[in-house]
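Chain residues, written in single-letter form:
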Amino acid sequence: MSESPIAPQSAAGAAGAIRIVLVGTQHPGNIGAAARAMKTMGLSRLVLVSPEKPLDDTAYRRSAGAEDVLDRAPVYATLAEAVADCRMVLGCTARSRRVQLEQLEPDAAAQRALQVTAEGPVAIVFGRERTGLTNEELQLCHASVHIPSDPAFSSLNLAAAVQVLAYEVRLAVLAADPAPAEPLPPDAQPATHEQLEGFFAQLAQTLDEIDFHKGRSPDSAMRKLRRLFVRTGLTAHEVRLLRGVLADAQRMARLAGAAGKGPLSP
Ligand code: SAH
C-alpha cells in the first residue's frame, strides 16, 4: 500500500498517516478489538501482516462498530512490505530493552509519530500474542516503544497495547489541534475589577451593619476576606449571588435594628 506524503492541514488529518500494523496475530478477535481501540481514538488505518487466521465473526463482533476499519485493512506477507513506504516505524515490545534500539515511552512515541507524518506515513507495529515481534522484525524499526508495565507482568493484551498507543496519539493530536475555545457566556466570565470592588464595598458596609468588628479596626478582616474571595476567582454571576446574600443580611439587620429587639440592639 502506498500513501503519498500528506501536507497536514490539521493534526487530526495528520493522524490519518499513522498506521497500526499487527504482525502474525493469532486470534482474530484481537484484531477486531484493536480496530475498535483505534476507531475510538480517531485512527482508521489498520494493516495486517500474515495473520494466523482470516477475519471471522469474532473479529467483527469484537470490533463493535469498527467493521469499516477491518474491511479496509490490507494484508501483507511480511512486515518489510507493510512498512516499505513509511518514514518512521515504531515497534512495540512487552519486554523493555530487548534490542539495541532507541526506546520510547508511549507519549514520546506518539508525539514523534505525529511530527513525522509531515514527511510521510508512520507505522506503529505490534507483535504476536504469544511471542511478540521477532528480532528481525524489530531490526526494521527506527525505535521501540515500551508501555512501562510492571516488569514482573509486563505483557498487555494486544488490543490493550494498541489502545494505549492510540490514546497517546489522540492526546498528541488534541494538544496540537486544540478545539476552539467556546466563548464563555457573560455570566461565567470572571468578574471585572469594578464588580469585585462593588462587592467588597458592600461586604464592608454589611460587616459594619451587623456589628461584625465590635469596635476593632475593620482593615485586617477586610484584607483577609479580600484575599479569600480573590483567590476563588469569582464569576460575574457569583458576585451577583453574593451581593444578593449581603443585601438580605443588610435588610434583616435594618429590620432587627428598627424593631429594637434584634441582636444588634444595645
Ligand atoms: N509474550 C509476548 C507479548 C506479546 S503481547 C512478548 O513477550 O513479547 C502482543 C503485543 O502487544 C506485543 O508484541 C507488543 O507489540 C504489544 N505489547 C504488549 N505489552 C506491551 C508493553 N508493555 N509495551 C509495549 N507493547 C506491548
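Up top is the structure.
Here the structure is a predicted model, which is why all the values come from computation and not from measurement.

(A) Broad picture of helix H11 (residues 236-259). The terminal C-alpha atoms of H11 lie 35 Å apart, and with 24 residues this matches the ideal 34 Å at 1.5 Å per residue to within 8%. All of the buried residues along H11 are Ala 236, Val 239, Leu 246, Gln 250, Ala 253 and Ala 256. Where H11 is buried, its residues touch helix H9 (193-209). Of the residues one or two after H11, Gly 260 is the one with positive phi, at around 70 degrees.

(B) Expanded view of the side chain of His 213. Tracing the sequence through the fold places His 213 in the loop between H9 and helix H10 (219-232). Residues in contact with His 213, not counting those within four places in the same chain, are Leu 207, Asp 208, Pro 218 and Ala 221.

(C) Representation of the packing of aromatic side chains within the structure. Tallied over the entire structure, the rule returns two aromatic pairs. Relative to Phe 200, the ring of Phe 199 lies with its centre 5.4 Å away and its plane at 45 degrees, an arrangement referred to as tilted. Given the relative accessible area of 1%, Phe 199 is considered buried. The class for Phe 200 is buried, based on a relative accessible area of 3%.

(D) Spotlight on the pattern of salt bridges. As enumerated under the stated definition, the model contains eight salt bridges in all. For Glu 137, the salt bridge is made with Arg 128, and the minimal N-O distance between the two is 2.7 Å. Residue Glu 137 is classed as buried on the basis of its relative accessible area, which comes to 11%. Taking relative accessible area as the criterion, Arg 128 reaches 21% and is therefore assigned partly exposed. The shortest N-O distance in the salt bridge between Arg 240 and Asp 187 comes to 2.9 Å.

(E) Region of interest: the nonpolar core. Residues Ile 20, Leu 22, Leu 46, Leu 90, Ile 124, Phe 126 and Val 162 are the most contacted members of the largest nonpolar core, which totals 45 residues. It is helix H8 (residues 158-176) that provides the largest number of residues to this core, a total of nine residues. Within the second largest apolar cluster, 16 residues are counted, among which are Tyr 76, Ala 82, Val 83 and Leu 101.

(F) Region of the structure containing the site of the ligand. Residues in close proximity to the ligand total 21 residues, the closest being Cys 92, Arg 130, Ile 147, Ser 154 and Leu 156. Notes on the ligand: free accessible area 540 Å², of which the protein chains cover 93%. In this structure the site holding the ligand corresponds to the largest pocket. Looking at side-chain class alone, the shell around the ligand contains eight nonpolar, eight polar and five charged residues.

(G) Examining the layout of surface pockets more closely. By volume, the largest pocket amounts to about 370 Å³. In terms of lining, the largest pocket is formed by 22 residues, of which the most central are Ala 94, Arg 128, Gly 132, Ser 155 and Leu 156. Partitioned by chemical class, the residues of the lining of the largest pocket number nine nonpolar, eight polar and five charged.

(H) Summary view of the sheet that holds strand E7 (residues 143-145). Pairing in this open sheet of seven strands is parallel, and the strands run E3-E2-E1-E6-E4-E7-E5 from one edge to the other. For this open sheet the edge positions go to strand E3 (75-76) and strand E5 (102-104), each flanked by a neighbour on one side alone. As judged from the two bridges shared by strand E2 (residues 45-49) and E3, these two strands associate in the parallel manner. Each residue of the ladder has a partner; that of Leu 48, found in E3, is Val 75. Sheet contacts for helix H6 (residues 106-116): strand E1 (18-23), strand E4 (88-92), E5, strand E6 (122-126) and E7; angle to E5, the most-contacted strand, approximately 105 degrees. Sheet strands in contact with H8 are E1, E4, E6 and E7, and its direction is about 155 degrees off that of E6.

(I) A look at the pairing of E6. With respect to burial, E6 is a largely interior element, five of its five residues being buried. What you see with E6 is no split at all: Val 122, Ile 124 and Phe 126 on one side and Ala 123 and Val 125 on the other are buried throughout. When E1 meets E6, the two strands line up parallel, connected through five bridges. In the sheet register, Leu 22 faces E6, and the bridge partner there is Phe 126. In the sheet, E4 pairs with E6 via four bridges, with the strands oriented parallel. Across the sheet, Met 88 pairs through a bridge with Val 122, a residue of E6.

Thresholds applied
- Residues numbered from 1 in each chain as written.
- Predicted model: local features only at pLDDT ≥ 70, side-chain atom pairs only at ≥ 80, totals over all residues.
- Heavy atoms only, no water.
- Helix = DSSP H or I, 4+ residues; strand = E, 2+ residues; numbered from the N terminus.
- Expected span 1.5 Å × (residues − 1).
- Buried < 20%, exposed > 50% of the residue type's maximum accessible area, 1.4 Å probe, protein only.
- Contact = heavy atoms within 4.5 Å.
- Phe/Tyr/Trp six-rings, centres within 6.5 Å; stacked < 30°, edge-to-face > 60°.
- Salt bridge = Lys/Arg side-chain N within 4 Å of Asp/Glu carboxyl O.
- Core = buried A, V, L, I, M, F, W, Y, C linked by side-chain atoms within 4.5 Å.
- Near = heavy atom within 4 Å.
- Areas by Shrake-Rupley, 256 points an atom, 1.4 Å probe, with all protein chains shown as cover.
- 1 Å grid on protein atoms, 1.4 Å probe; cavity = no way out; pocket = protein on both sides within 12 Å on 5 of 7 lines; lining within 4 Å.
- Sits in = over half its atoms within 2 Å of the grid points.
- Nonpolar A, V, L, I, M, F, W, Y, C, P; charged D, E, K, R; others polar.
- Points joined across faces, edges and corners; volume = space filled by probe spheres on them.
- Pairing = 2+ DSSP bridges.
- Axes fitted to C-alpha atoms, helices over the stretch in contact; angles between N-to-C directions.

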